[in-house]
Amino acid sequence: MIALVAHPSQQQLLSVLGRSLKISAILNPWRASFRSAPAPVFSQLGALLAASTPEACCFLWPYRGLENDLSTCLKHQIRVLSAGPADLPASPLWSWGGQHLHSPLFQTASEQRRSPAFGAPVYLRRLVGGGSDLLNAWWAACQLLAEARDLIDAEVVEVQLAACREGRQHHLALTLAFANRATAHLIVAPHYFSPSLDLTLLGSGGLVFADHIANTPMLVHRGGIQISPPAFLHPEPAWIHAFLDPVTPPAVPRVNTPELKLLRALHRALRLGQLVRVA
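If you're wondering where the values come from, they're calculated on a predicted model, not measured in any experiment. (Residues numbered from 1 in each chain as written. Predicted model: local features only at pLDDT ≥ 70, side-chain atom pairs only at ≥ 80, totals over all residues. Heavy atoms only, no water.)

Visitor: Can you help me understand the packing of aromatic side chains in this one?
Guide: Geometry of an aromatic ring pair is reported as the spacing of the ring centres plus the angle between the planes. Applying the stated criterion across every chain yields a total of three aromatic pairs. Taking 6.5 Å as the distance between ring centres and 80 degrees as the angle between the ring planes, the aromatic pair formed by Trp30 and Trp61 counts as edge-to-face. Of the two residues, Trp30 is situated in the loop between β2 (23-27) and β3 (41-42) and Trp61 in the loop between β4 (56-59) and α3 (66-75); the sequence distance between them amounts to 31 residues. With a relative accessible area of 7%, Trp61 lands in the buried category. Ring plane angle 75 degrees and centroid distance 5.5 Å describe the contact between Trp30 and Tyr63, whose orientation is recorded as edge-to-face. Of this pair, Trp30 sits in the loop between β2 and β3 while Tyr63 sits in the loop between β4 and α3, placing them 33 residues apart in sequence. Cluster of aromatic residues (ring-pair linked, three or more members): Trp30, Trp61 and Tyr63. (Phe/Tyr/Trp six-rings, centres within 6.5 Å; stacked < 30°, edge-to-face > 60°. Helix = DSSP H or I, 4+ residues; strand = E, 2+ residues; numbered from the N terminus. Buried < 20%, exposed > 50% of the residue type's maximum accessible area, 1.4 Å probe, protein only.)

Visitor: Which parts of the structure should I look at to understand the side chain of Asn28?
Guide: Take Asn28: it is sitting in the loop between β2 and β3. A distance of 3.2 Å separates a polar atom in the side chain of Asn28 from the backbone nitrogen of Trp30. Engagement of the side chain of Asn28 in a polar contact is seen with the backbone oxygen of Ala32, the distance being 2.8 Å. (Polar contact = N/O pair within 3.5 Å; in protein donor to acceptor, adjacent residues only side chain to side chain.)

Visitor: Sorry, what's going on with the pairing of strand β5 (residues 79-82) here?
Guide: Along a regular strand, successive side chains alternate from one face of the sheet to the other. For β4 and β5, the ladder comprises four bridges, and the chain directions are parallel. Bridge pairing links Cys57 to Val80 in β5. In the classification by handedness, the crossover that spans β4, the intervening α3 and the parallel β5 is right-handed. Pairing geometry for β5 and strand β6 (residues 94-96), over three bridges, is parallel. For Val80, the partnering residue across the bridge sits in β6 and is Trp94. (Pairing = 2+ DSSP bridges. Right-handed = clockwise from strand over helix to strand, strands pointing away.)

Visitor: What should I look at first to understand the packing of helix α1 (residues 11-18) against helix α7 (residues 236-244) in this one?
Guide: Each pair of packed helices can be summarised by the angle the axes make with each other and by the distance between the axes. Between α1 and α7, the least distance of the axes is 9 Å, while the angle of their chain directions is 50 degrees. Considering their axes alone, α1 and α7 lie oblique with respect to each other. Along this stretch, α1 crosses α7, giving a crossing that reads as right-handed. The residues of α7 that touch α1, namely those facing Leu13, Val16 and Leu17, are Glu236, Pro237 and Ile240. Considered class by class, the residues forming the contact of α1 with α7 number five nonpolar, no polar and one charged. (Axes fitted to C-alpha atoms, helices over the stretch in contact; angles between N-to-C directions. Parallel < 35°, antiparallel > 145°, perpendicular 65-115°, else oblique. Left-handed = near helix turned anticlockwise from the far one by under 90°. Contact = heavy atoms within 4.5 Å. Nonpolar A, V, L, I, M, F, W, Y, C, P; charged D, E, K, R; others polar.)

Visitor: Got a minute to help me understand the environment of Val128 in this structure?
Guide: Along the chain, Val128 falls in strand β7 (residues 121-128). As a C-alpha pair, Val128 and Ala141 span 13 residues in sequence and 9.0 Å in three-dimensional space.

Visitor: Got a minute to help me understand the pattern of salt bridges in this structure?
Guide: Think of it this way: side chains of opposite charge can pair up when their charged atoms draw near. For the coordinates displayed, the defined rule picks out five salt bridges. The partner of Asp198 in a salt bridge is Arg125, and the shortest N-O contact between them spans 2.7 Å. With Asp198 in the loop between β10 (183-188) and β11 (199-203) and Arg125 in strand β7, the pair connects residues that are 73 residues apart, well separated along the chain. A relative accessible area of 27% means that Arg125 is categorised as partly exposed. A salt bridge links Glu147 to Arg126, with the nearest nitrogen and oxygen atoms 2.6 Å apart. With a gap of 21 residues between them, Glu147 in helix α5 (residues 134-152) and Arg126 in strand β7 connect regions that are remote in the sequence. Comparing Glu147 with Arg126, the two get one shared label, buried. (Salt bridge = Lys/Arg side-chain N within 4 Å of Asp/Glu carboxyl O.)

See the structure below:
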C-alpha cells in the first residue's frame, strides 16, 4: 500500500493512479479539496500515519512543509518517492525525479532521436504547465532539465533563466547550451495541458515533433470542447510501480544538487526582473 501527497488540481491524475495502485491514504495539506478520492484524505501527515501504515509515500506536489514531512517519513523507515528535489541529506530510502523515463512521449522521441536519419541534435523546445506556484514551477523546471539532458544526451554547460510572476502564477523560460553545441528552450507556464505533449526536437538530418491538440482525443459539445488525454500518457503509474518493485535499487539523491542552485537562481531572477545565469 502507498500513500500519496497530491494537490486538488491533480484530480485527473489521482483518478488514473487509483486504477493501478493500492492507495492507503492521501495527504492534502492545501485548503482546496478533492471532488472525489480513491482513499481517505488527511490534511496532516501525523494523522495519516496514525490511521495507516503505508510501505511508501509518494509526494506529487511540493509545499512549504515538504522537508519536515519527508523527514518524518524517513524517521519512520517509510520509503519516499518525490516528483522533485528537496533540501535534505541523502537517504537510501528516498528517491526523486525520473518520471520522464516512463513517459511514452519521451520514449518515442528518444528512440527517433537515435535513428541515424535524425543526425545530431541541434535544438529542443519543450513546454509544460506547473507554474501555479513558486515551488511547483521549480519542480517542473527540474523535470524539464532532466528530460532535456537525456534527450540531447550531452553535458549542460550553460543555463540562463528568465522568470516573472503575477500573484502566485509563475512563468519560467530556461535557455540551455550543451557540450555538443545543441541548445534547448524550456518553458514552464502557469497552466497547460497535463501531461504536456508539446515537444520539438530538431536534428541535423530530421525533426521530431509532437503536438498536444493533434494527438489528443476531443469531445465537442454545446458547452465547448473537452480534451481528454489517454491515461497511458501519464508517466506516474509506471514511475511509481518501478519505484515499488525496482529491478535495480533507485539512485540515492545527491546532496547540494544543481537543482537547489536552480531554486536560488529562480528567486534571484524574480527579484531582479532580468535574465540570470544559473551557476
